[in-house]
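Architecture at a glance
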Amino acid sequence: MIRVAAGEKLPIQQQEVKRDGWALECRVYAEDAKRDFLPSIGSLVRYQEPTGLSQDKENGIIRVDSGINEGSEISIHYDPLISKLVTYGKDREVAINTMKRALDGYVIRGVTSNADFLRSICDNQRFMDGRLTTNFIPEELPDGFSGHILTDSQQNQLIAISAALQVQRDQQAVSRQLCGWANTF
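Remember, predicted model here, so these are calculated numbers, not experimental data.

With that settled, consider the sheet that holds strand S8 (residues 81-89). Adjacent strands of a sheet form backbone hydrogen bonds with each other and so pair up, either parallel or antiparallel. Ordered by their spatial adjacency, three strands build an open sheet running S1-S8-S6, and the pairing between neighbours is antiparallel. The outermost strands of the open sheet, each flanked by one partner alone, are strand S1 (22-29) and strand S6 (61-65). Averaged over all adjacent pairs, the angle separating strand axes in this sheet is 15°, with direction ignored. Note that S1 and S8 share eight bridges and pair antiparallel. Counted as the bridge partner of arginine 27 is lysine 84 from S8. Sheet contacts for helix H2 (residues 92-104): S1, S6 and S8; angle to S1, the most-contacted strand, approximately 25°.

Laid out in structure tokens, this is it:
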């Protein structure tokens, strides 16, 4: 780039540049998107980066750049950046879907992060369509971010899962009570 700035010519012409896939970057910060992105300070009690994702262009590739680990302190005196998450895929859709899975794969406890905000942006239809401007966030979230809003289907799934877990818990409690009984005959 310095040579180009000095007036030297590039070794290839613009029309020779070929697009090969799509990449996205999300900056995961220790900040509270629901409180106007105030920094969240404290210790990372639990920190796990996304794992178990595919690493090929067809299904998506992830890269996590981070200088922290579990137990690290997030201080008010420094930038609260937790990590830079980059996804790459054969097209925009694959890159976005890979980003969604990667954001869902984070475990961050001890501080509040903006991962839920970033995940919500990835679900936004205008974002998915690539219709972006520098006013995207104020236009899409004029009252600020208040968290992910579940669809009716997601609400029903959550209710069904909660009910199944409660039934399982109740059955385990009854089983523990029955184990204490003895046959005296």
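Before going further, it helps to examine the pairing of S8. Summarising the sheet, S6 and S8 pair through five bridges and their orientation is antiparallel. Counted as the bridge partner of isoleucine 61 is tyrosine 88 from S8.

If you trace the backbone, asparagine 114 turns up in the loop between strand S9 (107-109) and helix H3 (115-123). A polar contact is formed between the side chain of asparagine 114 and the backbone nitrogen of tyrosine 29, at a distance of 2.7 Å. With sequence-adjacent residues up to four places away left out, asparagine 114 is seen in contact with Arg27, Val28, Tyr29 and Glu31.

This paragraph deals with the packing of aromatic side chains. Summed over the entire model, instances satisfying the criterion amount to four aromatic pairs. Centre to centre, the rings of tyrosine 47 and tyrosine 106 are 6.4 Å apart; their planes meet at 40°, and the pair counts as tilted. Remark: tyrosine 106 occurs in the loop between H2 and S9 and tyrosine 47 occurs in strand S5 (residues 46-48); sequence separation between them is 59 residues. For the pair shown, tyrosine 47 and tyrosine 106 are each scored as buried. On the numbers, 6.4 Å between centres and 55° between planes, the contact of phenylalanine 127 with phenylalanine 136 is tilted. Here phenylalanine 127 and phenylalanine 136 have matching classes, each one buried. A connected cluster of aromatic rings, assembled from ring pairs, spans Phe37, Phe117 and Phe145.

One finds Ile82, Leu103 and Ile108 to be the most contacted residues of the largest nonpolar core, which totals 28 residues. Elements supplying a minimum of two residues to this core: S1, S8, H2 and H3. Setting aside residues up to four positions removed in sequence, leucine 103 forms contacts with Cys26, Val28, Leu85, Ala115, Leu118, Arg119 and Cys122.

This brings us to the environment of valine 17. Structurally, valine 17 can be placed in the loop between helix H1 (2-5) and S1. Valine 17 gets classed as partly exposed once you look at its relative accessible area, which sits at 47%. For valine 17 and phenylalanine 145, which are 128 residues apart along the polypeptide, the C-alpha to C-alpha distance reads 39 Å.

Moving on to the pattern of salt bridges. Summed over the entire model, instances satisfying the criterion amount to 11 salt bridges. The closest approach of N and O atoms between arginine 27 and glutamate 25, which form a salt bridge, is 3.0 Å. Among the salt bridges present, the one from lysine 34 reaches aspartate 116, with a minimum N-O distance of 3.7 Å. Remark: aspartate 116 occurs in helix H3 and lysine 34 occurs in the loop between strand S2 (31-32) and strand S3 (38-39); sequence separation between them is 82 residues. Taking the relative accessible area as the measure of exposure, aspartate 116 reaches 33% and is therefore partly exposed. What emerges from the salt-bridge pattern is a single network uniting Lys100, Asp104, Arg119 and Asp123.

Another point: the environment of phenylalanine 127. Along the chain, the position of phenylalanine 127 falls in helix H4 (residues 125-129). With 31 residues separating them along the chain, phenylalanine 127 and isoleucine 96 place their C-alpha atoms 9.4 Å apart.

Definitions and cut-offs
Residues numbered from 1 in each chain as written. Predicted model: local features only at pLDDT ≥ 70, side-chain atom pairs only at ≥ 80, totals over all residues. Heavy atoms only, no water. Pairing = 2+ DSSP bridges. Helix = DSSP H or I, 4+ residues; strand = E, 2+ residues; numbered from the N terminus. Axes fitted to C-alpha atoms, helices over the stretch in contact; angles between N-to-C directions. Contact = heavy atoms within 4.5 Å. Polar contact = N/O pair within 3.5 Å; in protein donor to acceptor, adjacent residues only side chain to side chain. Phe/Tyr/Trp six-rings, centres within 6.5 Å; stacked < 30°, edge-to-face > 60°. Buried < 20%, exposed > 50% of the residue type's maximum accessible area, 1.4 Å probe, protein only. Core = buried A, V, L, I, M, F, W, Y, C linked by side-chain atoms within 4.5 Å. Salt bridge = Lys/Arg side-chain N within 4 Å of Asp/Glu carboxyl O.

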